[in-house]
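Structure at a glance
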Amino acid sequence: MTVIPIALSDISSDISSDISSDILYEKSAAYARIGLLKTMTECNGGIMVKLSETELKMLVKGGETNTLELKLAAPRAVDLAERLCGMANAKGGIVIIGVEDSTRKVVGVPDERIGETMDVILRAARQVIKPELPLDPPEPEVCVLAGKKLLVVTIPSTEGPVYQAGGIFWIRQGTQTRALSITELSEMIYDRGLRDWEGEPAYNATMEDMDLEKVKTFIARRSASGRQSGRFKNIERVLIGMRCAVEVHRGTIVPTNAGMLFFGQSPQDHIPQSEVVCVLFRETVGASRYADRKIVTGMLQDLIDDTEAFLDRYIAVGARIEGWKRIDIPEHSIEVLREAVINAVVHRDYSRRGERVRVFYYPDRVEVHSPGLLLPGITVEQMERGEVQSKLRNPVLAGLLSNIPGYIEQIGSGIRFMLDETKRMELPAPQFREMSEFIVTFQKAPALQAPEPRLQYKGGTLWEEHEDSPPEIVVQDRRAEQVEKRLIQALNYVQEHGFITNGIYRQLTGVTDRTAHRDLEKLVERGRLKGSGQRAARRYVLA
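What comes next concerns the included structure. Predicted, not measured: the structure shown is a model, and the values here were computed from it. (Residues numbered from 1 in each chain as written. Predicted model: local features only at pLDDT ≥ 70, side-chain atom pairs only at ≥ 80, totals over all residues. Heavy atoms only, no water.)

**Quick notes on the environment of Val 511**
Definition in use: Each helix is a run of H or I in the DSSP string that is no shorter than four residues. Each strand is a run of E no shorter than two, and both are numbered from the N terminus.
Relative to the elements of secondary structure, Val 511 occurs in the loop between α16 (502–509) and α17 (513–525). Spatially, the C-alpha atoms of Val 511 and Arg 486 are 9.5 Å apart, while their sequence positions differ by 25 residues.

Here's what the structure looks like:
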């Protein structure tokens, strides 16, 4: 692979390039097994704590992962810097020096080499990596395992800078460290709040593409509230002040992405990834064809309102009788689902072209898929506890929407509302997941849960009901059922692990390479998965 050195200053013209979502951060299998990641970060508000000998032994025994690297001896500072940089740009991790990687044999670092090895580590972190990479603790620790001294370097996950070494931005994936592409770097910059997508000029847009009547109505509403009354004579200057327009070369004023999404006459002509896809399935995995599908377009408010209307159309209401009263039991709270949609369209990563907010309505649950990862400092665990900080990826959109009654009552209160409202209505609490995107799942009211009906394949035939079908028709039906079962396996795997490949699918199902390719491409055709890469290295994620 040819590696081209890239600096942040070199990519300003490429930031708006087509952005995909192929970065998938894998969870450390070893850490998941032994719970060390939680142990290491629970102390003193997230500060790493020193590993015990037992923990160190278990780490070494588990072998290398995406958060652990084993080294027999310290390499050159420039080579070590690449590893440290890759971990820092991913999820952090640990480098243990004094262990043979292939055999996991503890060799140790001789006493006379400890000082020199520490110097190499600190030079890599403080001089080679830009900006300087802080370690936690600030210096490598000397730990003893099996009577041998090891040097342990702990790299915390970063909440801000994107690190580079040797002019290249590195990322740890699996047990390998590789260079980030410009597209991946752009994603990472935006994910960490370092890029202002909202303030960038909307693609191929002019002020004629803005609905100025809606702008005037919005401004009038703000004036009526007493703020800046009488100061809105120059619409373009007001839009610039609201960061909905920007002055480019030669004094030309054009809409920003935020302005186009909020006031545009046809926002999807300029921001095609801003549409919302709503899909209704009649079975719980979504392997079969959808029962209904709607592509929601329009301004930000339209996306929210029309998606809510789609969901409201299918929410069933059961009932129970208490005494002489009928108590309605909705299978979902429409207010909670609306809040999830608002969060998705306001806080999603809009820099990811080709990725849209998707809302899937299954018989047993509703899922809202939002492109992009959580901002640094916000975790799934915090969300589950309702302890979410008010950090905004798109503060302009959030601010504009908060000025319209019925959308955002208080910035930062959406997750808390969803938790409180589901509890009040005795519905299951929302489930939060972060893979290559952010997913919120709402389970159906337990009282209305019913066993999933067995999939039936009722292909039209020339035979009447009283006549026996020919054996080949029965065989064909069974084959179709087997295919559907395999497709369900594939979707279940992707929902749990984030992706699937031809090789993984063959291990799951025992089919041939050709059949695996055909099955997975069938899910692509149905709109359930999307693939990237050529056949041998093709990778499938949720569409």
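**Topic: helix α10 (residues 300–314)**
Rules: In a helix, the anticipated span is given by 1.5 Å times the number of residues less one. Only protein chains enter the calculation, and the probe is 1.4 Å; a residue is then buried if its accessible area is under 20% of its type maximum, exposed if over 50%, and partly exposed in between.
Helix length check: α10 (15 residues) gives 22 Å between terminal C-alpha atoms against 21 Å at 1.5 Å per residue, within 8%. Residues Leu 300, Gln 301, Leu 303, Ile 304, Thr 307, Phe 310 and Leu 311 constitute the buried set of α10.

**As for the sheet that holds strand β4 (residues 141–145)**
For clarity, the cut-off: Pairing between strands is defined by DSSP: at least two bridges between the two strands are required. Axis definition: a line fit to C-alpha positions, over the contact stretch in the case of helices; interaxial angles, taken between N-to-C directions, run 0 to 180 degrees. By definition, residues are in contact when any of their heavy atoms lie within 4.5 Å.
Ordered by their spatial adjacency, four strands build an open sheet running β1-β2-β5-β4, and the pairing between neighbours is mixed. Two strands lie at the open edges of the sheet, namely β1 (68–71) and β4, each paired on one side alone. With strand direction ignored, the average angle separating the axes of adjacent strands in the sheet is 25 degrees. Strand direction decides the pairing type here: strand β2 (residues 93–97) and strand β5 (residues 148–155), joined by five bridges, are antiparallel. Across the sheet, the residue bridging to Val 95 is Val 153, located in β5. Most of the contacts of helix α5 (residues 111–128) go to β5, to which it runs at about 10 degrees, and overall it touches β2, β4 and β5.

**A word on the packing of helix α11 (residues 334–347) against helix α14 (residues 414–424)**
Defined as follows: To sort the angles, those under 35 degrees are grouped as roughly parallel, those over 145 as roughly antiparallel, those from 65 to 115 as roughly perpendicular, and the leftovers as oblique. Two helices crossing with the near one rotated counterclockwise from the far one by less than a right angle form a left-handed crossing, whereas a clockwise rotation gives a right-handed crossing.
Interhelical geometry of α11 versus α14 gives an angle of 160 degrees and a closest axis separation of 9 Å. When the interaxial angle is binned, α11 and α14 end up roughly antiparallel. Both α11 and α14 take part in a crossing whose hand is left-handed. Between α11 and α14, the residues in contact are Glu 335, Val 336, Glu 339, Ala 340 and Asn 343 and Gly 414, Ile 415, Phe 417, Met 418, Glu 421 and Thr 422, respectively.

**Some remarks on the pairing of strand β18 (residues 437–443)**
Of all seven residues that make up β18, six are buried, and the element is covered over most of its length. As defined by bridge partners, strand β16 (residues 365–371) adjoins β18 across seven bridges and the pair is classed as antiparallel. Looking across to β18, one finds that Val 368 is bridged to Val 440. Where strand β17 (residues 431–434) lies against β18, four bridges are found, and the strand directions are antiparallel. Residue pairing in the sheet places Gln 431 in a bridge with Thr 441 of β18.

**A word on the nonpolar core**
Quick reminder of the rule: Nonpolar core, defined: a set of buried Ala, Val, Leu, Ile, Met, Phe, Trp, Tyr and Cys residues in which side-chain atoms within 4.5 Å join the residues together.
Core analysis: the largest hydrophobic core is formed by 67 residues, its most contacted members being Leu 239, Phe 263, Leu 300, Val 345, Leu 401 and Phe 432. A per-element tally of this core places α11 first, with nine residues. Setting aside residues up to four positions removed in sequence, Leu 300 forms contacts with Leu 261, Phe 262, Val 345, Val 346, Tyr 350, Leu 397 and Leu 401. Of all hydrophobic cores here, the second largest spans 28 residues; its members include Ala 88, Ile 114, Leu 133 and Ala 165.

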